[in-house]
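Each chain, letter by letter, is given below.
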Amino acid sequence: MRRKFIKAIDIALAKLLRFSPVRGQQLFVYAFHGVLPDLDILGQNLTDPYQPITLRDIERVIVRLKESGVSFVTGREIAAQAVRYPAAWLTFDDGYANNLQLLPLLRRLDVPATIFVATGNVESGEAYWWDVLFREGMQRGKNMPDIARQREEMKSLPPQKIRQQLIDMFGAESLRPKADIDRPLTPGELCSLAKEPLIEIGNHTHNHCILTLGDGACRRREISACNAYLQKITGSLPVSIAYPNGDFDQQILKITESLGLKVGVTCLPFRNRAGSTQKPPDSLRLGRFAGLRSDKLERELSLSLAPVGLAQSLAERMSKRTPYQTETQCTPKRE
Ligand SMILES: [Zn+2]
């Protein structure tokens, strides 16, 4: 209720201030996942439709940000402190092969982006567990809220337990992706992408592990296994990380820093001041807007760019108060 009230105020403020130019020493980070060629493909029920976004939507985001006068960066420029503010950073989580569609668009508009890869899926070729759960649930006639609830429950399990549960429920064959839309990058595609000047490859843990759920050894193992795999395939170590589910705590920030990562992104929706991007721990818990989706694109973009916002102030305060764990959400909508 309180969150809805805050959002309503922020939307009104954003409308009032929608023509204000973006000024100052600020960094806006945006989170996306898989990119759809169009919304019709959702009818195949191969991917969890939570926050669907199309290639055309990404183009709209870039055009709007360019009109706002921001420059585009990735974690590499932030780590090197070579950012011209105000700046925007486009990030794509998980390592979906459908992210390859972005390349012609990014080249045409000359905009860089970061792909945060859960390397275990690249290595195994298995579909992402939430897509398997969704696809198989829909095939069995379940409704979307029930599947979403089950997804949120399963999130609290370790990755190997989640995998075993899927096998027990749907059989080992269910782990195989069905099309290009739901498959992870292959090692060859990851290697080629890493060579693209406009693409940065980042760490998203090896098994898409929600790090706050594991002990210290498990956290270190997940981050360093991803680093090692990326180094093996791409020839270099990443400088940035996106924490799965956006969850982190002080120990995770320390481990991340000790493993050589310089920049980390959460799912706390606030703009970053230039000062906070310069060194750990602040540079390892950057705010990131993860609410942009096809049907709410303009609204969410305006909210992120509005010069004032209550939700942003609260999120920024929360980032300092670790551990931070994302609230359970279980209402995927398809409109
Ligand atoms: Zn993810």
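Visitor: Just to check I follow, could you spell out the overall build of the chain for this structure?
Guide: Summing up its helical and strand segments, the chain has 13 helices and eight strands in all. Judged by the C-alpha coordinates and their principal axes, the chain covers about 55 × 40 × 40 Å. When burial is assessed residue by residue, the chain has 44% of its 335 residues classed as buried.

Visitor: Explain the confidence of the model for the chain here, please?
Guide: One rule of thumb: low pLDDT means the predicted coordinates there are not for detailed reading. Considering every residue of the chain, the mean pLDDT works out to 91; 93% of them sit at 70 or more. Low confidence marks residues 328-335, where pLDDT is under 50. Its contacts with residues over four positions away, or in another chain, come to 15 contacts.

Visitor: Help me understand the pairing of strand β3 (residues 87-94) in this model?
Guide: A regular strand carries its side chains on alternate faces of the sheet. Most of β3 is tucked away: eight of the eight residues are buried. As defined by bridge partners, strand β1 (residues 26-32) adjoins β3 across six bridges and the pair is classed as parallel. Within β3, the residue paired with L27 across the bridge is A87. One ladder, built from two bridges, connects strand β2 (residues 71-72) with β3; its direction is parallel. Counted as the bridge partner of F72 is A88 from β3. Relative to strand β4 (residues 113-117), β3 runs parallel, the two being bridged by four bridges. Bridge pairing links D93 to F116 in β4. For the crossover from β3 across helix α4 (residues 102-109) to β4, the handedness is right-handed.

Visitor: What is the right way to read helix α8 (residues 159-170) from this model?
Guide: The end-to-end C-alpha distance of α8, which contains 12 residues, comes to 16 Å, matching closely the 16 Å that a straight helix rising 1.5 Å per residue would cover. Residues of α8 that are buried sit in contact with α6 (129-139) and α7 (144-154). Just beyond α8, the residue with positive phi is G171, at close to 90°.

Visitor: I would appreciate a short explanation of the nonpolar core in the present structure.
Guide: When a protein is soluble and globular, its nonpolar side chains tend to lie buried together. Membership of the largest hydrophobic core comes to 72 residues, with the highest contact counts inside it found for Y30, A88 and V117. Element by element, the count of residues in this core is highest for β1, at six residues. With near-sequence residues (within four places) excluded, Y30 lies in contact with V61, A88, L90, T91, R288, F289 and L292. By size, the runner-up hydrophobic cluster in this structure holds 11 residues, among which are Y128, W130, F134 and I147.

Cut-offs applied
- Residues numbered from 1 in each chain as written.
- Predicted model: local features only at pLDDT ≥ 70, side-chain atom pairs only at ≥ 80, totals over all residues.
- Helix = DSSP H or I, 4+ residues; strand = E, 2+ residues; numbered from the N terminus.
- Buried ≥ 20, exposed ≤ 12 C-beta atoms within 10 Å, placed from the backbone.
- pLDDT = per-residue confidence, 0-100.
- Contact = placed C-beta atoms within 7 Å.
- Pairing = 2+ DSSP bridges.
- Right-handed = clockwise from strand over helix to strand, strands pointing away.
- Expected span 1.5 Å × (residues − 1).
- Core = buried A, V, L, I, M, F, W, Y, C linked by C-beta atoms within 7 Å.

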